[in-house]
Amino acid sequence: MNRISKEILAELNGQDKEELEEKGFKSGDIGTIDFIKQDGTRQMFAYSQLITSWTEKTDEHNIIKLFFSTHVVKLKGYKLAGLYELIRKHNLEIVFARDERYLNTSKENQPYVYSIESEWRSNHKNK
């Protein structure tokens, strides 16, 4: 995990920083979801703005697309079914993207997000 992400983890008061770093996400009873890219860029959305979502599995990875009122957020990774369920229940608070090179360090059946893409919905209409 890069230096910026470690600083973000240090700011999360009362949280088990090592567990967050290891898992790359945090769940809880909350109203927002915060996406943190590998470079430390963060973007937060209110669950009340989530219109729909879908997930698919390709031969290479899993994809979750989240359609908010203003943006589309696309997560790419492995074993994302658990994350999708947390999102469906509005119970996922933080998602970290981690370097795909370190996939082998994750635990069995543990979700692993390596890419977070966010774009305005108006840019997404023709894709």
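Refer to the structure presented above.
**Q** Residues and numbers for the overall build of the protein, please.
**A** A count of helical and extended segments in the protein gives four helices and eight strands. Restricting to contacts in the protein with at least 6 residues of sequence separation, those with at least 24 account for 57%. Roughly 7500 Å² of accessible area belongs to the protein as shown, and the carbon and sulfur atoms make up 45% of that amount.

**Q** Explain the packing of aromatic side chains to me, and be specific about the residues and the numbers.
**A** Under the criterion given, the structure shown has three aromatic pairs. Ring centres of F45 and F68 lie 4.4 Å apart, and the angle between their planes is 15°; this geometry places the pair in the stacked category. Of the two residues, F45 sits in strand β3 (residues 42-46) while F68 sits in strand β5 (residues 62-68), which places them 23 residues apart along the sequence. Taken individually, F45 and F68 each receive the classification buried, so the pair is uniform in this respect.

**Q** Tell me about the sheet that holds strand β8 (residues 112-120), and please be specific about residues and values.
**A** Read from one edge of the open sheet, four strands run β4-β5-β6-β8, paired in antiparallel fashion. Looking at strand neighbours, the two that pair on one side only are β4 (50-57) and β8, the edges of this open sheet. Across the sheet, the mean angle separating the axes of adjacent strands is 15° when strand polarity is ignored. Of the strand pairs in this sheet, β4 and β5 are connected by seven bridges, and their pairing is antiparallel. Paired with T55 across the strands is I64, a residue of β5.

**Q** How would you sum up the nonpolar core? Please name residues and give values.
**A** I33, F35 and I87 are the most contacted members of the largest nonpolar core, which totals 20 residues. Within the residue set of this core, elements represented by two or more residues are β2 (32-36), β5, β6 (71-78), α3 (81-88), β7 (92-96) and β8. If one sorts the elements of this core by residue count, α3 sits on top with four residues. For I33, the residues in contact, after removing those within four places along its chain, are Q43, M44, F45, Y47, F68, I87, L92, E93 and V95.

**Q** Tell me what's going on with the pairing of β3, and back it up with residues and numbers.
**A** Of the strand pairs in this sheet, β2 and β3 are connected by five bridges, and their pairing is antiparallel. Residue pairing for β3: F35 is matched across the bridge by Q43. Linking two consecutive strands that pair antiparallel, namely β2 and β3, is a turn of five residues; a positive phi of about 95° is found at G40 within it.

**Q** Could you give an account of the pattern of salt bridges, naming the residues involved and the relevant values?
**A** According to the stated counting rule, one finds four salt bridges in the structure shown. A salt bridge links E117 to K76, with the shortest nitrogen-to-oxygen separation between them at 3.8 Å. Here the residue E117 occupies a position in strand β8, and K76 occupies one in strand β6, the gap between them amounting to 41 residues. The exposure class of E117 is partly exposed, given its relative accessible area of 35%. Taking the shortest distance from any N to any O, the salt bridge between R101 and D99 comes out at 2.8 Å.

Scoring rules and cut-offs
Residues numbered from 1 in each chain as written. Predicted model: local features only at pLDDT ≥ 70, side-chain atom pairs only at ≥ 80, totals over all residues. Heavy atoms only, no water. Helix = DSSP H or I, 4+ residues; strand = E, 2+ residues; numbered from the N terminus. Contact = heavy atoms within 4.5 Å. Areas by Shrake-Rupley, 256 points an atom, 1.4 Å probe, with all protein chains shown as cover. Phe/Tyr/Trp six-rings, centres within 6.5 Å; stacked < 30°, edge-to-face > 60°. Buried < 20%, exposed > 50% of the residue type's maximum accessible area, 1.4 Å probe, protein only. Pairing = 2+ DSSP bridges. Axes fitted to C-alpha atoms, helices over the stretch in contact; angles between N-to-C directions. Core = buried A, V, L, I, M, F, W, Y, C linked by side-chain atoms within 4.5 Å. Salt bridge = Lys/Arg side-chain N within 4 Å of Asp/Glu carboxyl O.

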